[in-house]
Amino acid sequence: MKKFLVLSLLLVALSGCGLIEEATTGLQYTEDVTAFISDAEEFSNDLPNLIEQAQNDVISFADVEERLQEFQTEIEEVQALNPPELAESIHNDLMNYTDQLETGVNEMIQAAQDQVINMEALENSSLFQAIQQIQQIQENINQLGG
């Protein structure tokens, strides 16, 4: 009987640790994704200015390309996140949007390398559309964290 009681208590304690770990993972995931969404918004605000500078100064195309590559790294980092079970649906949506972002960033990197990037190309890219979609899931991320 004592063994059964000790085993039961041990199972309860271990399952409690799992709940704590899941909550910790969920909180970290929420923080990481929220930071990414904030960075995506900052990126979408900075990029038009960089492109405008590149129109006036050919050397600035390298700055545009560098910023695009930095954002591409951020995309890869968020794609590597392991969501908690609670956030799998949100994460799947986010992965769809980051795939679109990645495509848009690659297109813009090529345009910067070819020195043909301009505001029209940016506005017609899938890049900003995907950023807007990612910003729309911020509410779902906030609900996950709170």
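Throughout what follows, the structure given in this document is the object of discussion.

The rules behind these values
Along every chain, residues carry numbers that run from 1 in the direction the sequence is written. For this predicted model, a pLDDT threshold of at least 70 governs which residues receive local features, and a threshold of 80 or more governs which side-chain atom pairs are given and counted, while totals over whole chains, interfaces and linings are taken from all residues. Only hydrogens and water are removed before side-chain values are computed, so all heavy atoms of the structure are retained for them. Fitted lines through C-alpha atoms serve as axes, helices being fitted only where they are in contact, and the angles separating the N-to-C directions of these axes extend from 0 to 180 degrees. Comment: elements are numbered from the N terminus, with helices defined as DSSP H or I runs of at least four residues and strands as E runs of at least two. Each angle receives one of four descriptions, namely roughly parallel if under 35 degrees, roughly antiparallel if over 145, roughly perpendicular if within 65 to 115, and oblique otherwise. By convention the crossing between two helices is left-handed if the near helix lies anticlockwise of the far one by an angle smaller than a right angle, and right-handed if it lies clockwise. Two residues qualify as a contact provided that any one of their heavy atoms is within 4.5 Å of a heavy atom in the partner residue. Per-residue accessibility, obtained with a 1.4 Å probe over protein chains only, is compared with the maximum for each type, and a residue is labelled buried under 20%, exposed over 50%, and partly exposed between these values. Here, a salt bridge means any Lys or Arg side-chain nitrogen found within 4 Å of an Asp or Glu carboxyl oxygen. Any two of the Phe, Tyr and Trp rings considered here, Trp counted by its six-membered ring, make a pair once their centres fall within 6.5 Å; the pair's planes then place it as stacked at under 30 degrees, edge-to-face at over 60, or tilted in between.

### Examining the packing of helix H2 (residues 60-79) against helix H3 (residues 88-113)
Where H2 contacts H3, the two axes come as close as 9 Å, and the packing angle between them is 160 degrees. It follows that H2 is roughly antiparallel to H3 by the angle criterion. For the crossing formed where H2 meets H3, the hand is left-handed.

### Brief notes about the packing of H3 against helix H5 (residues 126-136)
Close contact between H3 and H5 brings their axes to 8 Å; oriented N to C, the two are set at 155 degrees. The angle between H3 and H5 falls in the class roughly antiparallel. H5 is crossed by H3, and the crossing has left-handed handedness. In this structure, H3 contributes Leu 94, Tyr 97, Thr 98, Gln 100, Leu 101, Gly 104, Val 105, Glu 107 and Met 108 to the contact, and H5 contributes Ser 126, Leu 127, Ala 130, Ile 131, Gln 133 and Ile 134.

### A word on unusual backbone geometry
Even without glycine at this site, Gln 115 takes up a positive phi of about 60 degrees. For Gln 115, a relative accessible area of 42% puts it in the partly exposed group.

### Some thoughts on the pattern of salt bridges
A side chain of one charge can pair with a side chain of the opposite charge if their charged atoms are brought near each other. This model, assessed by the stated rule, comprises two salt bridges. One salt bridge in this structure joins Arg 67 and Glu 70, with 3.9 Å as the shortest N-O distance. Of the two residues, Arg 67 and Glu 70 both sit in helix H2, three residues apart, roughly one turn of that helix. Owing to a relative accessible area of 13%, Arg 67 belongs among the buried residues under this scheme. Here Glu 70 falls in the partly exposed class, since its relative accessible area comes to 38%. Three or more residues are tied together by salt bridges with common partners; here these are Arg 67, Glu 70 and Glu 74.

### What about the side chain of His 91?
If you trace the backbone, His 91 turns up in helix H3. Other than its neighbours up to four places away in sequence, His 91 contacts Tyr 29, Val 78, Leu 81 and Pro 83.

### Examining the packing of aromatic side chains
Applying the stated criterion across every chain yields a total of two aromatic pairs. When the ring of Phe 36 is compared with that of Phe 71, the centres are 5.8 Å apart and the planes differ by 10 degrees; the resulting orientation is stacked. Note that Phe 36 is positioned in helix H1 (residues 2-56) and Phe 71 in helix H2, a separation of 35 residues in sequence. The same class applies to Phe 36 as to Phe 71, namely buried. Taken together through their ring pairs, the aromatic side chains of Phe 36, Phe 43 and Phe 71 make up a single cluster.

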